[in-house]
Amino acid sequence: MGRKFFVGGNWKCNGTTSEVKKIVTTLNEAEVPSEDVVDVVVSPPFVFLAYVKSLLRSDFHVAAQNCWVRRGGALTGEISAEMLVNLGIPWVIIGHSERRQILNESNEFVGDKVGYALSQGLKVIACIGETLEQRESGSTVAVVAAQTKAIADKVSSWENIVLAYEPVWAIGTGKVATPDQAQQVHFELRKWLQVNVGAEVAASTRIIYGGSVNGANCKELATQPDVDGFLVGGASLKPEFIDIINSATVKKDD
Ligand SMILES: O=C(CO)COP(=O)(O)O
C-alpha cells in the first residue's frame, strides 16, 4: 500500500507558554520511528506557532488550525494562508467540526479554503465527519461524501491533502469509534475517492481518524487497513501522544 502513517496533534485553544514548552520538551525527548515511517505534525494555537516551530525537533512539523479562505487584507482577526507560508508553517487544519458547527463553516466554504490554502503551497489536513444525529439516521456515508465532494470540487491535486475523518460524536467525549466503525467509513471514503477522483488518489491519500484517540485505543485502530493515522485532540497534550505516534509500527490486518 505504501501510505505513510500520519499522526497529528490538534492542541485546539489550549496552552500557556510554559505548558507549550513542556509539551515540546516531551516530544523532543521521545523515541519514535523515523520520518520515513511516520509524519508527525503538531498544531498549536496561532500565537504559539512560531515559538513551537523554533523549539521543535526537525523531524516533527507544525500546522495552523485554520486560515482565511482567500488572500489576506482588511479582515480583522483573520490569519491568511500567505502569512503561514511566510512563517514557514507547512501545514494547516481546515474544516474542523468545531469550526463547522460553532462558527457555521459550510461545506462550500471549507472546500474554498482547502483550494486556496493548497494554491498557496500549504499542505492541508481536511476534516470531515458526521454528527450523532446523522449517524443514527443512517446518513453517515452521505454526509462525509458531501463534505469530501465540496473539497474535491476545489482541488486539482490530492498530493498535499490528508483527509481526517472525525465523527463529531467521538470528539472530546471519550466515546471512540470502534475499529470496525472507523474502518467502515474510511473504506467508504476511499471508495468515494476511487469513483469520483481516481484510483491513484484513492490508493495514495491518507485517511486518518480523530475522536477520543488515546494511548490505550490507538493500536487496535491502527491495525485497520484503511486507517492511515490519527488526528488527536486531548491526548496530544499529554505524554501518551508518544504512544500514539509509536502505533505507526503496528502491523495492519490483511
Ligand atoms: O477533534 C479532535 C482532533 O482534531 C479530536 O479531539 P479528542 O481527541 O480530544 O477527542
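The following refers to the structure shown. (Residues numbered from 1 in each chain as written. Predicted model: local features only at pLDDT ≥ 70, side-chain atom pairs only at ≥ 80, totals over all residues. Heavy atoms only, no water.)

1. Points about the site of the ligand
Piece 1. Taken together, 13 residues sit near the ligand, with Lys12, His96, Gly172, Ser212 and Gly234 positioned nearest.
Piece 2. At 2.8 Å, a backbone N or O of Ser212 approaches an oxygen atom of the ligand.
Piece 3. Across the shell around the ligand, the residue classes tally to four nonpolar, seven polar and two charged. (Near = heavy atom within 4 Å. Polar contact = N/O pair within 3.5 Å; in protein donor to acceptor, adjacent residues only side chain to side chain. Nonpolar A, V, L, I, M, F, W, Y, C, P; charged D, E, K, R; others polar.)

2. Overview of the state of the cysteines
Piece 1. What the rule picks out here adds up to zero disulfides.
Piece 2. Take Cys67: it sits in no disulfide, and the sulfur closest to it among the cysteines is that of Cys127, at 12 Å.
Piece 3. Between Cys218, a cysteine without a disulfide, and Cys127, which holds the nearest cysteine sulfur, the sulfur-to-sulfur distance is 19 Å.
Piece 4. Overall, the relative accessible area of 1% leaves Cys218 in the buried class. (Disulfide = S-S within 2.5 Å. Buried < 20%, exposed > 50% of the residue type's maximum accessible area, 1.4 Å probe, protein only.)

3. Section: the sheet that holds strand β8 (residues 229-232)
Piece 1. Taken in spatial order, the eight strands close into a barrel running β1-β2-β3-β4-β5-β6-β7-β8, and their pairing is parallel. Averaged over all pairs of adjacent strands, the angle between strand axes in this sheet comes to 25°, irrespective of strand direction.
Piece 2. Across four bridges, strand β4 (residues 91-94) lies against strand β5 (residues 123-128) in parallel orientation. Bridge assignment links Val92 to a residue of β5, and that residue is Val124. (Pairing = 2+ DSSP bridges. Helix = DSSP H or I, 4+ residues; strand = E, 2+ residues; numbered from the N terminus. Axes fitted to C-alpha atoms, helices over the stretch in contact; angles between N-to-C directions.)

4. Section: the side chain of Asp39
Piece 1. Looking at the secondary structure, you find Asp39 in strand β2 (residues 38-43).
Piece 2. There is a polar contact of 2.9 Å between the side chain of Asp39 and the side chain of Lys4.
Piece 3. Once residues within four sequence positions are removed from consideration, Asp39 is found in contact with Lys4, Phe5, Phe6, Val7 and Arg206. (Contact = heavy atoms within 4.5 Å.)

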